[in-house]
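Spelled out from the first residue to the last, the chains are:
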Amino acid sequence: MDEADVRDRLRTVEDPDLGEDIVSLELVNDVTVDGETAHVSLALGAPYAPHETQIADRVREVLAEDGLDAELSARVDDDLSHDEQVLPGVKNVIAVASGKGGVGKSTIAVNLAAGLSKLGARVGLFDADIYGPNVPRMVAADEHPRATEDEKLVPPEQFGLKLMSMAFLVGEDDPVIWRGPMVHKVLTQLWEDVEWGQLDYMVVDLPPGTGDTQLTLLQSVPVTGAVIVTTPQEVALDDARKGLEMFGKHDTPVLGIAENMSTFRCPDCGSEHDIFGRGGGAKFADEHDMPFLGSIPIDPAVRTGSDDGQPIVLDEDSETGDAFRILTENVANNVGILNRRKQR
Ligand code: ADP
């Protein structure tokens, strides 16, 4: 078997999302054959996304049928050189946004980050909600960042997540009343002067709405895609629409819609009550032709988990934990789809 034979074989590996084989989709970068070993570099950019793991497994299987051991590596090409990049060590930036407050955006950001880390990825969680930074409490982070000699900040870690939050700098209780230029300055420092290291995903918890933080982030950081969190109600959906427009203006892809507080699982009677309606998020996603990432029920354990600093996604026995795990996988799969589409 030589390189051409290997490429030929890889034409039998279908992309589970894009409906073509990985060679036609230009997802095979380089192939070298060295005796019994085939070194294959694949253009896969969403580490631990189940569909990308599936592609890699399939490549190994197909080559094994020809007696080859596959040594796989992953690399996606982008247009920028390393020096030009903001956050050069970060593969994917996922912004979690909502039109209004109180819909569970921070809860989703924290559980998404912890869920990705649980899958095995290297994850950072950046609490950019400068007006109400509550992420440290939600993961029980009591350590503060350390400063290095050259005045960089080393983010503390919790559940394997590297954390940065305005709460570390100003305290959770101080209401921060800042104007645009201040917001811009502090946020910029939080990604330029922090030693994030190598990350597969950075999850950014944005403040609600469409203000200065969103503008700064979208103008300065290469955001891979946004997750828009909404409740099923019509009002919340109207606000979500404004979020969509904002990301559209900045050419930032939307990874999909996450519906929170979809239904209430009553711990006493066992039945489900649709307090805020049902299916609004899925309908909204459908109407705007974007992925629906999943729905999270109202579950008192979500709130107590947040208050106690134990993200429920880490609770193996919880059904609501399952809902968050599905959401996490869908987000990762959609990051993968965006990256793989860009290869052609
Ligand atoms: P946002 O970031 O949109 O302002 P939060 O994530 O801070 O919203 O959530 C607001 C409150 O609702 C918090 O007390 C949180 O614990 C609670 N909460 C969020 N999602 C759920 C849920 N699915 N079930 C129960 N409580 C929830």
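Residues numbered from 1 in each chain as written. Predicted model: local features only at pLDDT ≥ 70, side-chain atom pairs only at ≥ 80, totals over all residues. Heavy atoms only, no water.

K.L.:
Just checking my understanding: could you explain the overall build of the protein for this structure?
P.N.:
Along the backbone of the protein there are eleven helices and 14 strands. The C-alpha atoms of the protein give 21 Å as radius of gyration, which agrees with the globular expectation for 344 residues (20 Å, within 12%). Principal-axis analysis of the C-alpha atoms gives the protein an extent of 65 × 55 × 40 Å. Across the protein, contacts joining residues at least 24 apart in sequence account for 73% of those joining residues at least 6 apart. With the model as given, the accessible surface of the protein reaches about 15,800 Å², and the carbon-plus-sulfur share is 46%. A distance of 4 Å separates the average location of the 29 positive side-chain charges in the protein from that of its 63 negative side-chain charges. (Helix = DSSP H or I, 4+ residues; strand = E, 2+ residues; numbered from the N terminus. Rg over C-alpha atoms; globule rule 2.2 N^0.38 Å. Contact = heavy atoms within 4.5 Å. Areas by Shrake-Rupley, 256 points an atom, 1.4 Å probe, with all protein chains shown as cover. Lys, Arg positive; Asp, Glu negative; His and termini not counted. Charge placed at Lys NZ, Arg CZ, Asp CG, Glu CD.)

K.L.:
What is the right way to read the domain arrangement of the protein from this model?
P.N.:
The accessible area lost on association of the parts is a frequent measure of interface size. Taken as a whole, the protein is organised into domain 1 (3–74) and domain 2 (82–341). Distance from the C-alpha centre of domain 1 to the C-alpha centre of domain 2: 32 Å. Listed per partner, the contact involves 15 residues of domain 1 and 16 residues of domain 2. Here domain 1 meets domain 2 over a buried area of about 1,200 Å², counting both sides, of which 59% is carbon and sulfur. On the domain 1 side of the contact with domain 2, L18, P47 and Y48 bury the most area, a combined 41% of that side's loss. Inspection of the domain 1/domain 2 interface yields three salt bridges. E52 is the salt-bridge partner of R340, the closest N and O atoms lying 2.9 Å from each other. Linking domain 1 with domain 2 are eight residue pairs in polar contact (both at pLDDT 80 or more). A per-class count over the side of domain 1 that touches domain 2 returns ten nonpolar, two polar and three charged. (Domains from an automatic or database assignment. Buried area = accessible area lost by both parts, 1.4 Å probe. Salt bridge = Lys/Arg side-chain N within 4 Å of Asp/Glu carboxyl O. Polar contact = N/O pair within 3.5 Å; in protein donor to acceptor, adjacent residues only side chain to side chain. Nonpolar A, V, L, I, M, F, W, Y, C, P; charged D, E, K, R; others polar.)

K.L.:
I'm lost on the environment of G124 in this one. Help?
P.N.:
Residue position: G124 is located in strand β5 (residues 123–127). The spacing of G124 and I298 is 174 residues in sequence and 26 Å in space, taken between C-alpha atoms. Apart from residues no more than four positions distant in its own chain, G124 is found in contact with K162, W196, L199, Y201, M202 and V203.

K.L.:
Explain the site of the ligand to me, please; I cannot follow it from the model alone.
P.N.:
By nearness alone, 17 residues border the ligand, and G102, K105, S106, T107 and P297 come closest of all. Taking T107, its side chain carries an N or O atom lying 2.5 Å from an oxygen atom of the ligand. At 3.0 Å, a side-chain N or O of N260 approaches a nitrogen atom of the ligand. Summarising the interface, the protein chains cover 80% of the accessible area of the ligand, which totals 570 Å² for the free molecule. Elements with a minimum of two residues in the shell around the ligand: α3 (105–119), β12 (254–265), β14 (292–298) and α10 (300–307). Class assignment for the residues of the shell around the ligand results in six nonpolar, eight polar and three charged. (Near = heavy atom within 4 Å.)

K.L.:
Quick question: what am I supposed to make of the packing of helix α6 (residues 180–192) against helix α7 (residues 212–220) here?
P.N.:
Helix-helix packing is described using two parameters, namely the angle between the two axes and the distance between the axes. Between α6 and α7, the shortest axis-to-axis distance is 9 Å and the interhelical angle comes to 50°. Judged by the inter-axis angle, α6 sits oblique to α7. For the pair α6 and α7, the sense of crossing is right-handed. For the pair formed by α6 and α7, the contact residues are G180, V183, H184, L187, T188 and W191 on the first element and D212, T213, T216, L217 and S220 on the second. Here the residues of the contact of α6 with α7 are counted per class, giving four nonpolar, six polar and one charged. (Axes fitted to C-alpha atoms, helices over the stretch in contact; angles between N-to-C directions. Parallel < 35°, antiparallel > 145°, perpendicular 65-115°, else oblique. Left-handed = near helix turned anticlockwise from the far one by under 90°.)

K.L.:
Before we go on, may I ask you to explain helix α2 (residues 50–65) in this structure?
P.N.:
Structurally, the α-helix is built with 3.6 residues per turn, so residues lying three or four positions apart point the same way. End to end, α2 covers 23 Å across 16 residues, agreeing with the expected 22 Å (1.5 Å per residue, within 8%). Within α2 the residues assigned to the buried category are E52, I55, A56, V59, V62 and L63. The arc that holds the buried residues of α2, viewed along the axis, is 125°, so those residues lie on one side. In this structure, the buried side of α2 is in contact with α1 (3–10), β2 (37–42), β3 (69–74) and α11 (319–341). The first or second residue beyond α2 is G67, which carries a positive phi of 75°. (Expected span 1.5 Å × (residues − 1). Buried < 20%, exposed > 50% of the residue type's maximum accessible area, 1.4 Å probe, protein only. Arc of directions from axis to C-beta.)

K.L.:
Can you walk me through the sheet that holds β2 in this structure?
P.N.:
The pairing of strands in a sheet comes from backbone hydrogen bonds and takes either a parallel or an antiparallel form. Here we have three strands laid out as an open sheet, ordered β1-β2-β3, and mixed in their pairing. Since the sheet does not close on itself, it has two edges, and those belong to β1 (28–34) and β3, each with one partner. Between one strand axis and the next, the sheet turns through 15° on average, direction left out of account. As judged from the six bridges shared by β2 and β3, these two strands associate in the parallel manner. (Pairing = 2+ DSSP bridges.)

K.L.:
Please clarify how the pairing of strand β9 (residues 161–165) should be interpreted in this entry.
P.N.:
Within a regular strand, the side chains alternate between the two sheet faces. Taken across its five residues, β9 has five buried, putting it largely inside the fold. Residues L161, L163 and S165 of β9 are buried on one face, and the alternating residues K162 and M164, pointing to the opposite face, are buried as well. Sheet topology note: the β5/β9 ladder contains five bridges and is parallel. Within the sheet, the bridge partner assigned to L125 lies in β9 and is L163. Bridge analysis of strand β8 (residues 157–158) against β9 gives two bridges, and the strand direction is antiparallel.

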